[in-house]
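Summary of the model geometry
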Amino acid sequence: MSNIKHLYKLSQGAANWNQWSRENRVVPDLSGANLQNASLEGINLYCANLHGADLLGADLTKANLMRARLEGADLSGAILHRTNFYEADLRKVDFYRADLSGAAFFKADLRGANLSGADLIHVNFRGANLNKTIFSSALALSPQTIQSWKLRGAIFKADLKRV
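Here goes a summary of the coordinates provided. All values reported here derive from a predicted model rather than from experimental measurement.

Moving on to the overall build of the protein. Of regular secondary structure, the protein possesses three helices and zero strands. Its helices and strands taken in sequence order, the protein reads α-α-α from the N to the C terminus. Of the contacts made within the protein by residues no fewer than 6 positions apart, 10% connect residues no fewer than 24 positions apart. On the protein, roughly 8300 Å² of surface is accessible, and the fraction owed to carbon and sulfur atoms is 48%.

Laid out in C-alpha cells, this is it:
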C-alpha cells in the first residue's frame, strides 16, 4: 500500500517532488499506486517501491528509477525515453508498446518482463537479466543489438498477441 504523504507530494509535480525528496531523504513508497497517464518527466524515484503500480501511459521521460522496485508494474504505453533503470527490479513488468528509446537497463532484472511492441531504439541492456523476457514485435531488434544480451528463454515470435 502506498504512503499517502508520498502520493500527495507526487501530485504536486516532479520538480516539487524532487526538491522535497532530496531535502527529506525520502525512500518513496508508491506500491500499488494508480499513476495512469501521470506526467512525471525528470522525476527522481531512486530506490522507490513501485511494486504493482499502474503507470499505464505515464510520461517518465528522463526519470531516475535507479534501484527502484517495479515488480509486476504496468508500464504499457508509457513514455520512458532516456529513463535510468540501473539495477532496477523489473521482473514481470508490462512494457507493452512503451517508448523505451534511449533507456538504460544496466544490470536491471527483467526476468519475465513483456517488451512486446516496445520501442527499443538505442536501449542499453548491458549486464541485464533478460531470461524469459518477451520481445514479440519489439522495434529496433537486430542481431547486432542483441548479441551481448543474456537471453535464456527469451521469446521473439512476431505473431504473439499481448500476453
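It is worth spelling out helix α2 (residues 14-24) at this point. Those residues of α2 that sit buried are A14, W17, N18, W20 and S21. The secondary structure elements touched by the buried residues of α2 are α1 (4-10). Of the residues flanking the end of α2, it is R25, one or two places downstream, whose phi is positive at about 45 degrees.

Our focus in this paragraph is the side chain of D59. Residue placement: D59 occurs in the loop between α2 and α3 (143-146). In this structure D59 touches A38, S39, L40, E41 and I79, once residues within four positions along its chain are discounted.

Moving on, we get to the pattern of salt bridges. Enumeration over the complete set of coordinates arrives at five salt bridges. Between D89 and R91 there is a salt bridge; the shortest N-O distance is 2.7 Å. Residue classification places R91 among the partly exposed positions, given a relative accessible area of 27%. Among the ionic pairs, D109 bridges to R111, the shortest N-O distance being 2.6 Å. Residue classification places D109 among the buried positions, given a relative accessible area of 16%. Classification of R111 by relative accessible area gives partly exposed; the value is 37%. Taken together, the shared-partner salt bridges connect E71, D89, R91, D109 and R111 into one network.

Reading guide: rules and limits
- Residue indices follow the written sequence of each chain, beginning from 1 at its first position.
- Residues qualify for local features only when their pLDDT is at least 70, as the model is predicted, and side-chain atom pairs are given and counted only at 80 or more; totals for whole chains, interfaces and linings, by contrast, use all residues.
- Note: side-chain values were computed over all heavy atoms of the structure, leaving out hydrogens and water.
- Helix and strand assignments follow DSSP, with helices taken as H or I runs no shorter than four residues and strands as E runs no shorter than two, numbered in order from the N terminus.
- Here a residue-residue contact requires only that any non-hydrogen atoms of the pair lie within 4.5 Å.
- Computed with a 1.4 Å probe, the accessible areas rest on the Shrake-Rupley method; for each residue, only the protein chains presented here act as cover.
- The classification of residues rests on relative accessible area computed with a 1.4 Å probe and restricted to protein chains. Under 20% of the type maximum is buried, over 50% is exposed, and intermediate values are partly exposed.
- Throughout this description, the term salt bridge denotes a Lys or Arg side-chain nitrogen within 4 Å of a carboxyl oxygen of Asp or Glu.

Geometry only, nothing functional implied.
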